[in-house]
Amino acid sequence: MLLMSVGLLMLGIGLQNTLLGVRAGLESFSSLEVGSLMACYFIGFLAGSLLSPYYVSNVGHIRTFSALASLASCAALLHLLKVDPVSWGVLRFITGFCIAGLYLVVESWLNGRAEKEFRGVLLSAYFFVNLGGVALGQLLLQTDDPKSFELFIYASVLVSLAILPVALMRTEAPAPTRTVNFSFTNLTRISHYALVGTAMAGIANGAFWGLAPLYGVQIGASPDEIAVAMTIIILGGAALQLPLGRLSDIIDRRIVMSVANALLGLMAALIAIGFSTNNTLMLTLAFIFGGLLLTQYGLCIAHANDFVADGDYVQLASALLLVFGACAAIGPVIGAVFMTKFGPRAIFWLISVAAFTSTFYALWRMSQRHPVEAPGAQDFAPSAAGLSGAILAPNQA
């Protein structure tokens, strides 16, 4: 039932995120305006990540989920009342705030209820439902005209429907939770590369999620073509997550991450130069691009976890999440400046630069620090970029 709620929620959010980028382009918003309002989403996400734990602690998982989903549903509809960057920026902040809290409720619920031996399988299922919902949400863009009001209603209804499975569940919510503190000083001490890699992944993902639909509009792609391309990219992220993760369990993660980032930088550069007009080839590139882009955050988490004790995992995840979210808020703004100055394809040059920066830093760190030797290394677990990841931990008596 909980995963059903996740699926409905991500259908609505996946549709809304791409719809807003496309509609903003059709309304002739500037690149900087679109980048700024999309950055508001990640700022709201950061605020929600910090404040939502207190709501869960005070009123519980079910009430928090219901309240935030209801607010997110209202925000989707309010985009229709006034179509301008300032109003939409406020609504994107509200949506980001709500989504962070909704992720937090679901993930802490799953972690709190799953037996240890089944937790990895359950979280993997959650990951695929999450990205699957986002991918299918892209295809809903093809069901109506982005300039009409119907698609906003669809997004709102889907988010509202996500409340029903949670509200009607017969199982009890998890035990009371406690919030955990985070320390950037400890994160720097644990792994310099996890910090830099997460920052670069945040910039690249923020720029992509915030500006990719606008890029499609500016190069003359139709809404249907944008929806298909976004779906292919997301499916690539789902398909390559586990293979890359398992490979990083076998050999030095920094080797896997540096090679993956180098390939990501190359794919982004090829897309930026538009080296081919063959649709099949470009969609294949998009699939690989998505697989490499959407796995970087999870690999950074796994790499950092290799260097911490069991009791520090939650604290570490919280710090990495905030680094990722802060840089994801910066990404759309930088990308918008690049697009304004150099044209729409500059967004992929920015992603390429971020990816190669991560590669070069990984290679340098490999010359400074030896790899973790088994059995100290932790197994990789799927993690979608942008998830709230373990801000709450089960309360220990």
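Residues numbered from 1 in each chain as written. Predicted model: local features only at pLDDT ≥ 70, side-chain atom pairs only at ≥ 80, totals over all residues. Heavy atoms only, no water.

Another aspect to go through is the overall build of the protein chain. When helices and strands are counted, the protein chain shows 15 helices and two strands. Out of the 397 residues in the protein chain, the part that is buried amounts to 54%. Here the protein chain displays about 16,100 Å² of accessible surface, and carbon together with sulfur accounts for 66% of that area. (Helix = DSSP H or I, 4+ residues; strand = E, 2+ residues; numbered from the N terminus. Buried < 20%, exposed > 50% of the residue type's maximum accessible area, 1.4 Å probe, protein only. Areas by Shrake-Rupley, 256 points an atom, 1.4 Å probe, with all protein chains shown as cover.)

With that out of the way, let us pick up empty space enclosed by the protein. Under the definition given, this model contains three cavities of 30 Å³ or more. The volume enclosed by the second largest cavity comes to roughly 60 Å³. In terms of lining residues, the second largest cavity is bounded by Gly197, Met200, Ala201, Ala204, Asn205, Asn261, Leu264, Leu293, Gln296, Ala354, Ala355 and Ser358. Of all the secondary structure elements, the ones that give two or more residues to the lining of the second largest cavity are α9 (192–218), α11 (253–273) and α15 (346–366). Top contributing element to the lining of the second largest cavity by residue count: α9, with five residues. Residues of the lining of the second largest cavity, tallied by class, amount to seven nonpolar, five polar and no charged. (1 Å grid on protein atoms, 1.4 Å probe; cavity = no way out; pocket = protein on both sides within 12 Å on 5 of 7 lines; lining within 4 Å. Points joined across faces, edges and corners; volume = space filled by probe spheres on them. Nonpolar A, V, L, I, M, F, W, Y, C, P; charged D, E, K, R; others polar.)

The subject of this paragraph is the nonpolar core. What tends to happen in soluble globular proteins is that the nonpolar side chains get buried as a cluster. Phe208, Phe289, Ile347, Phe348 and Ile351 are the most contacted members of the largest nonpolar core, which has 53 residues in total. Broken down by element, this core gets its largest block of residues, 11 residues, from α9. Not counting chain neighbours up to four residues away, the residues in contact with isoleucine 347 comprise Ala207, Phe208, Leu211, Ala212, Tyr215 and Met339. Among the nonpolar cores identified, the runner-up in size contains 49 residues, and Tyr126, Leu131, Ala162 and Val166 belong to it. (Core = buried A, V, L, I, M, F, W, Y, C linked by side-chain atoms within 4.5 Å. Contact = heavy atoms within 4.5 Å.)

A few words now on the packing of α9 against helix α13 (residues 296–305). The contact between α9 and α13 brings their axes to 9 Å, and the two run at 165°. With respect to α13, the element α9 is oriented roughly antiparallel. Viewed along their axes, α9 and α13 form a crossing whose handedness is left-handed. Contacts between α9 and α13 involve Tyr193, Ala194, Gly197, Thr198 and Ala201 from the first element and Gln296, Tyr297, Cys300, His303 and Ala304 from the second. A class-by-class count of the residues in the contact of α9 with α13 yields six nonpolar, four polar and no charged. (Axes fitted to C-alpha atoms, helices over the stretch in contact; angles between N-to-C directions. Parallel < 35°, antiparallel > 145°, perpendicular 65-115°, else oblique. Left-handed = near helix turned anticlockwise from the far one by under 90°.)

Further remarks concern the side chain of threonine 295. Relative to the helices and strands, threonine 295 is located in the loop between α12 (279–293) and α13. For threonine 295, the residues in contact, after removing those within four places along its chain, are Gly237, Leu240, Gln241 and Leu244.

This next bit is on the packing of aromatic side chains. Tallied over the full model, the rule gives 15 aromatic pairs. Measuring from centroid to centroid gives 5.2 Å for tyrosine 41 and phenylalanine 42, while their planes differ by 90°, and the two rings are edge-to-face. Taking the relative accessible area as the measure of exposure, tyrosine 41 reaches 9% and is therefore buried. Residue classification places phenylalanine 42 among the buried positions, given a relative accessible area of 9%. Judged by centre distance (6.3 Å) and plane angle (20°), the ring pair of phenylalanine 356 and phenylalanine 360 falls under stacked. Separated by four residues within a single helix, phenylalanine 356 and phenylalanine 360 lie in helix α15, roughly one turn from each other. In this structure phenylalanine 360 comes out as exposed when scored by relative accessible area, which is 55%. Here a set of aromatic residues connected by ring pairs shows up, and it is made of Phe208, Trp209, Tyr215, Phe289 and Phe348. (Phe/Tyr/Trp six-rings, centres within 6.5 Å; stacked < 30°, edge-to-face > 60°.)

On the surface, Met1, Met4, Leu77, Phe149, Ile153, Tyr154, Val157, Leu161, Leu164 and Leu168 cluster together into a nonpolar patch covering about 920 Å² of accessible area. With four residues, the single largest contributor to the nonpolar patch is helix α6 (residues 150–161). You can see leucine 164 is positioned in helix α7 (residues 163–167). (Patch = residues over 30% accessible without salt bridge, like charges linked within 9 Å, V, L, I, M, F, W, Y side chains within 5 Å. Salt bridge = Lys/Arg side-chain N within 4 Å of Asp/Glu carboxyl O.)

Rolled over the atoms, a probe with the dimensions of a water molecule shows which regions are left empty. When its volume is computed, the second largest pocket comes out at roughly 690 Å³. What lines the second largest pocket is a set of 23 residues, and nearest its centre among them are Tyr215, Ile219, Ala229, Met282 and Leu283. Secondary-structure elements contributing two or more residues to the lining of the second largest pocket are α9, α10 (223–250) and α12. Examining the composition of the lining of the second largest pocket, we find that six residues originate from one element, α10, more than from any other.

Moving on to the pattern of salt bridges. Using the criterion set out here, one finds four salt bridges in the structure. Across the pair glutamate 27 and arginine 23 runs a salt bridge whose closest N-O atoms are separated by 2.9 Å. Overall, arginine 23 belongs to the buried group, its relative accessible area being 7%. Close ionic contact of arginine 246 with aspartate 249 constitutes a salt bridge, the shortest N to O distance being 3.3 Å. Taken together, the residues span about one helical turn, with arginine 246 and aspartate 249 both in helix α10 at a distance of three residues. Look at arginine 246 and you get partly exposed, because its relative accessible area is 40%. Several salt bridges share partner residues, and in doing so they unite Arg246, Asp249 and Arg253 into one network.

Okay, the confidence of the model for the protein chain next. Summarising the model, the protein chain shows a mean pLDDT of 83, and 81% of its residues fall at 70 or more. Within the protein chain, α6 carries the highest mean pLDDT (95), whereas strand β2 (residues 392–394) carries the lowest (38). pLDDT under 50 marks residues 386–397. Its contacts with residues more than four places away, or in other chains, come to 50 contacts. (pLDDT = per-residue confidence, 0-100.)

Turning to the packing of α11 against α13, a few remarks are in order. Running from amino to carboxyl end, α11 crosses α13 at an angle of 160°, the nearest separation of the two axes being 10 Å. Taken together, the axis directions place α11 and α13 in an arrangement best described as roughly antiparallel. When the axes of α11 and α13 are compared, the crossing they make is left-handed. Taken together, the residues of α13 that come into contact with α11 (itself represented by Arg253, Arg254, Met257, Ala260 and Asn261) are Gln296, Leu299, Cys300, Ala302 and His303. For the contact of α11 with α13, the residue count by class is five nonpolar, three polar and two charged.

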